[in-house]
Amino acid sequence: MSTNIPALHLPRHADSLLSAEWLFLHDHLPPDDWFNPDYAYKTSTWLAMHSRIQQRQGRLQQTSNAYQDNRLDWANYKSQTLRQLSSHIDHLHGHHSIEDGQYFPRFVRNYPRLTAGFAILDNDHHTLNAALHDLQQSGRALYRATLEDQRLADTLHQQLGQVGTLLSRHLSDEEDLVIPILGLN
Ligand SMILES: [Fe+2]
Ligand SMILES: [Fe+2]
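Residues numbered from 1 in each chain as written. Chains lettered and ligands numbered in written order. Predicted model: local features only at pLDDT ≥ 70, side-chain atom pairs only at ≥ 80, totals over all residues. Heavy atoms only, no water.

1. Focus: the overall build of the protein chain
On a plain count of helices and strands, the protein chain comes out with four helices and zero strands. Secondary structure elements in the protein chain, listed N-terminal to C-terminal, are α-α-α-α. For the protein chain, the spread of C-alpha atoms along the principal axes amounts to about 75 × 30 × 30 Å. Sequence separation of at least 24 residues holds for 77% of the intrachain contacts in the protein chain that already meet a minimum separation of 6. As displayed, the protein chain offers around 10200 Å² of accessible surface, 50% of which is attributable to carbon and sulfur atoms. (Helix = DSSP H or I, 4+ residues; strand = E, 2+ residues; numbered from the N terminus. Contact = heavy atoms within 4.5 Å. Areas by Shrake-Rupley, 256 points an atom, 1.4 Å probe, with all protein chains shown as cover.)

Take a look at the structure:
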């Protein structure tokens with residue numbers, strides 16, 4: 001006699017805030033199949049958006065690392081950071097507002113079992129938006145700085161690291177909930 005034991009799916013991120021019971025759609029579309037041609041036409045836009053966010057975050061952290069390691073002078077650090085920062089922050093605010101205003105409410109309506117999971121993602125957006133606000137304030141101070149300011153660069157470095165940590169966990173958790181919904185509908 002065969003017994004059907006449901007598979008236990010775990011969130012992909014080590015620090016995930018998701019409960020395994022919210023990953024029931026991974027029975028039908030596990031992460032290994034997200035880029036399968038049968039699904040990629042529905043899943044890849046969202047995943048590509050997230051990968052561009054990670055790239056912009058990575059470039060900012062590389063610029064900051066280079067300055068901290070004395071591989072980049074102040075003038076170049078300042079101009080590169082200012083150019084990269086405003087685009088990164090603008091994209092993220094736009095991204096969060098579309099998710100909060102359009103996508104997440106629709107997903108919760110269609111999958112009420114995921115309500116608590118989407119509440120975590122919504123809360124992440126608030127935390128991220130506060131961290132982005134602090135980052136933007138430091139960006140403004142950087143714009144106004146006429147002399148090299150190591151303390152400001154240290155603050156920016158720390159704030160960027162904080163946003164990077166938040167983003168990495170949030171994007172992974174969001175994909176764990178959202179990508180199977182997109183792929184299976
Ligand atoms: Fe998000
Ligand atoms: Fe997102």
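2. Quick notes on the packing of aromatic side chains
Applying the stated criterion across every chain yields a total of eight aromatic pairs. A ring pair is formed by Tyr-67 and Tyr-77, whose centres lie 4.5 Å apart and whose planes are at 25 degrees; its orientation type is stacked. Of the two residues, Tyr-67 sits in helix α1 (residues 37–68) while Tyr-77 sits in helix α2 (residues 74–110), which places them 10 residues apart along the sequence. Each of the two residues, Tyr-67 as well as Tyr-77, counts as buried. Aromatic pair Phe-107 and Phe-118: ring centres 5.8 Å apart, planes at 40 degrees, arrangement tilted. Taken together, the residues span a long stretch of sequence, with Phe-107 in helix α2 and Phe-118 in helix α3 (residues 115–144) at a distance of 11 residues. (Phe/Tyr/Trp six-rings, centres within 6.5 Å; stacked < 30°, edge-to-face > 60°. Buried < 20%, exposed > 50% of the residue type's maximum accessible area, 1.4 Å probe, protein only.)

3. Regarding the coordination of the iron ion (ligand 2)
Bound to the iron ion (ligand 2) on the protein side are His-50 (NE2), His-95 (NE2), Glu-99 (OE) and Glu-174 (OE), at distances that span 1.9 to 2.2 Å. Angles of 80 to 158 degrees at the metal separate the four donor atoms of the iron ion (ligand 2), which places the site in the irregular class. The sequence pattern describing where the donors of the iron ion (ligand 2) fall on their chain is H-x44-H-x3-E-x74-E. A separation of 3.4 Å is found between the iron ion (ligand 2) and the iron ion (ligand 1), which share Glu-99 as a coordinating residue. With His-95 in helix α2 and Glu-174 in helix α4 (residues 150–184), the pair connects residues that are 79 residues apart, well separated along the chain. Take His-95 and Glu-174: they sit in the same class, and that class is buried. (Donors = N, O, S within 2.8 Å, 3.2 Å for Na, K, Ca; no water. Tetrahedral: all angles 85-135°; square planar, octahedral: opposite > 155°, others 65-115°.)

4. Quick word on a negative patch on the surface
Taken together, the side chains of Asp-73, Glu-148, Asp-149 and Asp-154 define an acidic patch exposed on the protein surface. Here Glu-148 shows up in the loop between α3 and α4. Classification of Glu-148 by relative accessible area gives exposed; the value is 51%. (Patch = residues over 30% accessible without salt bridge, like charges linked within 9 Å, V, L, I, M, F, W, Y side chains within 5 Å. Salt bridge = Lys/Arg side-chain N within 4 Å of Asp/Glu carboxyl O. Lys, Arg positive; Asp, Glu negative; His and termini not counted. Charge placed at Lys NZ, Arg CZ, Asp CG, Glu CD.)

5. Overview of the nonpolar core
A general tendency of soluble globular proteins is for nonpolar side chains to be buried together. Membership of the largest hydrophobic core comes to 24 residues, with the highest contact counts inside it found for Trp-74, Tyr-77, Leu-135, Leu-156, Val-163 and Leu-167. Those elements giving two or more residues to this core turn out to be α1, α2, α3 and α4. When residues of this core are assigned to their parent elements, the largest contribution, eight residues, is made by α4. Apart from the residues within four sequence positions on either side, Leu-156 is in contact with Tyr-77, Leu-85, Leu-135, Ser-138, Gly-139 and Leu-142. Judged by nonpolar contacts, the second largest core, of 22 residues, contains Tyr-39, Leu-114, Leu-121 and Val-178. (Core = buried A, V, L, I, M, F, W, Y, C linked by side-chain atoms within 4.5 Å.)

6. Here's the deal with the coordination of the iron ion (ligand 1)
Octahedral six-donor coordination of a metal ideally yields angles of 90 or 180 degrees, compared with 109.5 degrees for tetrahedral four-donor coordination. Protein coordination at the iron ion (ligand 1) comes from Glu-99 (OE), His-125 (NE2), His-170 (NE2) and Glu-174 (OE), with a distance range of 2.0 to 2.2 Å. We note that the donor set of the iron ion (ligand 1) lies within a single chain, spaced as E-x25-H-x44-H-x3-E. Classification of Glu-99 by relative accessible area gives buried; the value is 2%. In this structure His-125 comes out as buried when scored by relative accessible area, which is 0%.

Worth remembering: the numbers are spatial, not functional.
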